[in-house]
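# Close look at the chain arrangement
For reference, the chains in residue letters:
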Amino acid sequence: MSEFFNQYFDFHVMGEHFWEVLEAFLQNLVIFAVAAALALIWGLALALLRQLPGKKLLPIRFITVAYIDLFRAIPILIIILLISGGVPFLSFIPQSIRIPHWFGKPDPFWYGVAALVIVYGAFTAEVYRAGIEAVPGGQMEAARSLGMSHWQAMRHVIVPQALTLIPAPMLNEMISLLKDTTLISVIAFSEAVLVSREVLSERLNSSAMILTAFFFVVIILPLARVVDRLIARNQGKIARGSHIEVA
Amino acid sequence: MRQTRLTALLAVLLLALASVAAVGCGGGSDTTGTSGGGGVAEGGGGGEPLTVGSDIPYPPFEQGKPGEYTGFDVELMEAIGEKIGRTPEFQDTSFETIFRDVGQGKFDAAMSAATITEEREKAVDFSNPYYLSEQAVLVKEGSPIKSLKELEGKTVAAQQGTTGLELAKEELGGSEIRPYPEGPDAINALKAGTVEGVVIDAPVAQHAVEEGGGIEIVEKVATEEDYGIAVAQGETELLEEINKGLEEVEQDGTYAKIFEKWFHAPPPKAVFSATHEAE
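As a starting point, this report considers the structure included with it. (Residues numbered from 1 in each chain as written. Chains lettered and ligands numbered in written order. Predicted model: local features only at pLDDT ≥ 70, side-chain atom pairs only at ≥ 80, totals over all residues.)

## Some remarks on helix H2 (residues 72-84) of chain B
Residue and element names in this part refer to chain B. Taking 1.5 Å of rise per residue, the 13 residues of H2 would be expected to cover 18 Å, and the 18 Å separating its terminal C-alpha atoms lies within 8% of that figure. When you tally the buried positions in H2, you get 12 out of 13 residues, the bulk of the element. Inspection of H2 places Phe72, Asp73, Val74, Glu75, Leu76, Met77, Glu78, Ala79, Ile80, Gly81, Glu82 and Ile84 among the buried residues, and these make up the whole buried set. Buried residues belonging to H2 abut strand E2 (49-54), strand E3 (87-92), helix H8 (236-251) and helix H9 (254-263). (Helix = DSSP H or I, 4+ residues; strand = E, 2+ residues; numbered from the N terminus. Expected span 1.5 Å × (residues − 1). Buried ≥ 20, exposed ≤ 12 C-beta atoms within 10 Å, placed from the backbone. Contact = placed C-beta atoms within 7 Å.)

What follows is the structure, encoded as structure tokens:
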């Protein structure tokens, strides 16, 4: 039993590598910040494209739906490996884009962000869609009958209401995204999991990995609680028969 | 409702904790494990199976698919197995945990082009050296970089947990050093152009150059490192058997034959007299 604690909870090992792991964990947070911002925008764009009305725009809706279906299905790890393993060889792309070193971040960082945005764009698009479709149909009809174009109606009437419905499920997606930043370890980017593995092979001890897990729990648990309370509040309102809003 | 949910959650947690404790206290000797790519007998001298952990692929030392593993390490271990009456079963495992795993009995032995180092000796005992190695620096053909020092300030790849990674970290303080989980990943990164150099075992580098892909070795760093077969500390009987088997294989010419096959050159005399005292 003491072997268990030595292997996983050796506080000396944790102490000696504390700042190293924390610094690497900050990298996870940076990946998350960049990928989340981009995914939220990209997802909204996808959701709006999906809503474009009319027969003429059917091809756009079709492609958008196909994109969303495809990238909700393919594991992110595969996407990361496909990008990092293949893109550098596509010589028709200029080197500065093919092997990006933007803002001082190396190419594995950007391959990872790209993969996360591609996939989480699809997931967030579905959350936006659920919000948009939950807005009563009468809203769109009323807006159009007041003379607004489809675009004006979306921008001023539908989307603002939809945005009040999505915080809980969107926060779930963001939590998932934060955890998935660890996948970039496989293309040798020094985030927390990679550094913990280095400590593991150096010290033959897994305590740094537990430390990493601890950092994630500290950040995510409060967020998860917020989600729970938002959902409970909305359910309470449904039960009382009132409109769902987030104050 | 809340009460039953809480009780259920506690019950699950307790069950998980209890099973972990059982595993922790039960020793953990698991030579018939279903770990890695499955243990498959690879020929040898009949008799008791000998589970051998190895990070596959790492050509030309170990490569191939489960059941059809091949390479210098694999064939040498099979030859040793014949001498000592054991059938080696190679199992694929991650290199960065291999010494800890052998130390804890997950495998009987580890043979993975592994250098004998003091650090590793804290967890395992090594056999006499079976291969004398050094590190090599790989770059893309036509690169202006011609030595290890010239990689200072550049992006360099190596494999996690290897002596090559250590060398890179020691010598290149100002470079971005990328540790890949597998050796071939580091080499692929070089071919893709995302890194400018790779520091890796010389024979592996040589093999990679022969395979093509536009890379070349620009420097060999004589680190005087010896590869050994690792067993758990205290397994003196097994270690003696392996050393004896290795000696017999070296003396009757089998070693030279296997060496020629994989390295296209006769083995250096020094390896036959190389010994190592397990600490």
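And the narrative resumes.
## Comments concerning the nonpolar core
The nonpolar side chains of a soluble globular protein tend to be buried with one another. With 120 residues, the main nonpolar core has Leu138(B) and Val198(B) as its most contacted residues. No other element matches helix H7 (residues 107-134) of chain A, which puts 15 residues into this core. Counting residues domain by domain, this core receives three or more from each of domain 1 (40-130 + 228-273) and domain 2 (133-225) of chain B. The residues touching Leu138(B), leaving out its near neighbours within four places in the chain, are Ile187(B), Leu190(B), Gly197(B), Val198(B), Ile200(B), Ala205(B), Ala208(B), Ile215(B) and Ile217(B). (Core = buried A, V, L, I, M, F, W, Y, C linked by C-beta atoms within 7 Å. Domains from an automatic or database assignment.)

## Quick look at the interface of chain A and chain B
Size of an interface, as often reported, equals the accessible area lost when the parts are brought together. In this assembly, 17 residues from chain A lie in contact with 21 residues from chain B. Elements represented by at least two residues in the side of chain A that touches chain B include exactly helix H1 (2-8) and helix H11 (192-203) of chain A. For the side of chain A that touches chain B, a count of residues per class yields 11 nonpolar, 2 polar and 4 charged. (Nonpolar A, V, L, I, M, F, W, Y, C, P; charged D, E, K, R; others polar.)

## As for the sheet that holds strand E8 (residues 176-180) of chain B
All names here are of chain B. Pairing within the open sheet is mixed, and its 5 strands lie in the order E8-E7-E9-E6-E10. The sheet is open, and its two borders are formed by E8 and strand E10 (215-227), each paired with just one other strand. Taken over all neighbouring pairs, the strand axes of this sheet differ in orientation by 20° on average, direction set aside. In the packing of helix H7 (residues 202-211) onto the sheet, contacts are made with strand E6 (131-140), strand E9 (197-201) and E10, and the angle to E6 comes to roughly 45°. (Pairing = 2+ DSSP bridges. Axes fitted to C-alpha atoms, helices over the stretch in contact; angles between N-to-C directions.)

## Regarding the packing of helix H3 (residues 18-50) of chain A against H11(A)
Residue and element names in this part refer to chain A. Their axes nearest at 7 Å, the elements H3 and H11 cross at an angle of 155°. In terms of orientation, H3 lies roughly antiparallel with respect to H11. On the side of H3, the interface is formed by Glu20, Val21, Ala24, Phe25 and Asn28, while H11 contributes Ala192, Val195 and Ser196. Broken down by class, the residue content of the contact of H3 with H11 amounts to 5 nonpolar, 2 polar and 1 charged. (Parallel < 35°, antiparallel > 145°, perpendicular 65-115°, else oblique.)

## Here's the deal with the pairing of E3(B)
All names here are of chain B. Bridge count for E2 against E3 is 6 bridges, and the pairing is parallel. Bridge assignment links Gly53 to a residue of E3, and that residue is Gln91. As for the winding sense of the linkage, the β-α-β connection from E2 through H2 to E3 is right-handed. (Right-handed = clockwise from strand over helix to strand, strands pointing away.)

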